[in-house]
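# A closer look at the structure
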Amino acid sequence: MKLGATPRHVGLIMDGNGRWAKKRLLPRTVGHGAGMDALVKLTAHAKEAGVEYFTLYALSTENLKNRPQSEIDGLFNLLRKYFTGNIGKLREGGTAVKIIGDISVLPQDIREMLQSAQSGSPEGAKFTLTFAINYGGRPEIVRAAQLAAASGEVTADSLAKNLYTAGLPDPDLIIRTGGEIRLSNFLLWQSAYAELYFTPVLFPDFSVKEFDKALKEYSERNRRYGGIK
Ligand code: FPP
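Here goes a summary of the coordinates provided.

Next up on the list: the site of the ligand. Close to the ligand lie 20 residues; Asp15, Gly18, Arg19, Arg28 and Arg67 are nearest. At a separation of 2.9 Å, an oxygen atom of the ligand approaches a polar side-chain atom of Asp15. Here an oxygen atom of the ligand and a backbone polar atom of Arg19 are 2.7 Å apart. Burial of the ligand by the protein chains amounts to 92% of its free accessible area of 630 Å². The site holding the ligand turns out to be the largest pocket. Contributions of two or more residues to the shell around the ligand are made by helix H1 (17-23), helix H2 (28-49) and helix H4 (69-92). Among the elements that make up the shell around the ligand, the one with the highest residue count is H2 (five residues). Among the residues forming the shell around the ligand, the class breakdown is 10 nonpolar, six polar and four charged.

Shown next as structure tokens:
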């Protein structure tokens, strides 16, 4: 089956902010800030291009454990800046916001900000923007398996219903910037049939034009889901 179409759900691993900053002799947090500017532009473009679900890997469980506190604090400040500065515009534009991951360990003001961003989402939105924050695919699957077992039914369907992503379709396309060729614990269950696109471009340089290259490549791929042609 040749799709020739826009992916309904795109996942994005935004890697390379640190290297982008290092090349310019700037602190890593400046790189994350430049990444945030890139993501604001990409989000508007994805919506215009007809993508319905856009899922961003903003902070992994491993990032939270293994990065210096100063960098984590910088990322928390960017989250504060992003959500205070953009939530109004997102709502006006009819965008729903969803958070996946274990946010229970985040500072209280961030938890409240994320919860209010989600709960204020419009009904029947045509565009859903999901942020993976303190997210890891393995802990997500373990949690879902425990919940499914407690409900007495462990099947692929019951497990999927207990993932953080319940209600979202599986991603059609996963993009990773920054040159590494791996998923790093992102949407492990959900990516079973996703097309993968890797680019060496560092995330702050990943422009709308670069995003369109990924969409074009997706449209030219064959998706067979285990069948023939
Ligand atoms: C990976 O780059 C990126 C992150 C750990 C954070 C991503 C965050 C943003 C794009 C900005 C803030 C996000 C929101 C939602 C407001 P890296 O630091 O691992 O880069 P490196 O591999 O070059 O060191």
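At a minimum axis distance of 10 Å, the contact between H2 and helix H8 (residues 208-220) shows a crossing angle of 40°. Taken together, the axis directions place H2 and H8 in an arrangement best described as oblique. The handedness of the crossing between H2 and H8 comes out as right-handed. Packed against H2, whose contacting residues are Lys41, Leu42, His45, Ala46 and Ala49, the element H8 presents Val208, Phe211, Asp212 and Leu215 at the interface.

Across the six residues of strand S3 (residues 95-100), six count as buried, placing the element largely inside the fold. Here S3 shows a buried face lined by Thr95, Val97 and Ile99 and a second buried face lined by Ala96, Lys98 and Ile100. Note: S3 against strand S4 (residues 127-135), six bridges, orientation parallel. Across the sheet, the residue bridging to Lys98 is Thr130, located in S4.

Scoring rules and cut-offs
Residues numbered from 1 in each chain as written. Predicted model: local features only at pLDDT ≥ 70, side-chain atom pairs only at ≥ 80, totals over all residues. Heavy atoms only, no water. Near = heavy atom within 4 Å. Polar contact = N/O pair within 3.5 Å; in protein donor to acceptor, adjacent residues only side chain to side chain. Areas by Shrake-Rupley, 256 points an atom, 1.4 Å probe, with all protein chains shown as cover. 1 Å grid on protein atoms, 1.4 Å probe; cavity = no way out; pocket = protein on both sides within 12 Å on 5 of 7 lines; lining within 4 Å. Sits in = over half its atoms within 2 Å of the grid points. Helix = DSSP H or I, 4+ residues; strand = E, 2+ residues; numbered from the N terminus. Nonpolar A, V, L, I, M, F, W, Y, C, P; charged D, E, K, R; others polar. Axes fitted to C-alpha atoms, helices over the stretch in contact; angles between N-to-C directions. Parallel < 35°, antiparallel > 145°, perpendicular 65-115°, else oblique. Left-handed = near helix turned anticlockwise from the far one by under 90°. Contact = heavy atoms within 4.5 Å. Buried < 20%, exposed > 50% of the residue type's maximum accessible area, 1.4 Å probe, protein only. Pairing = 2+ DSSP bridges.

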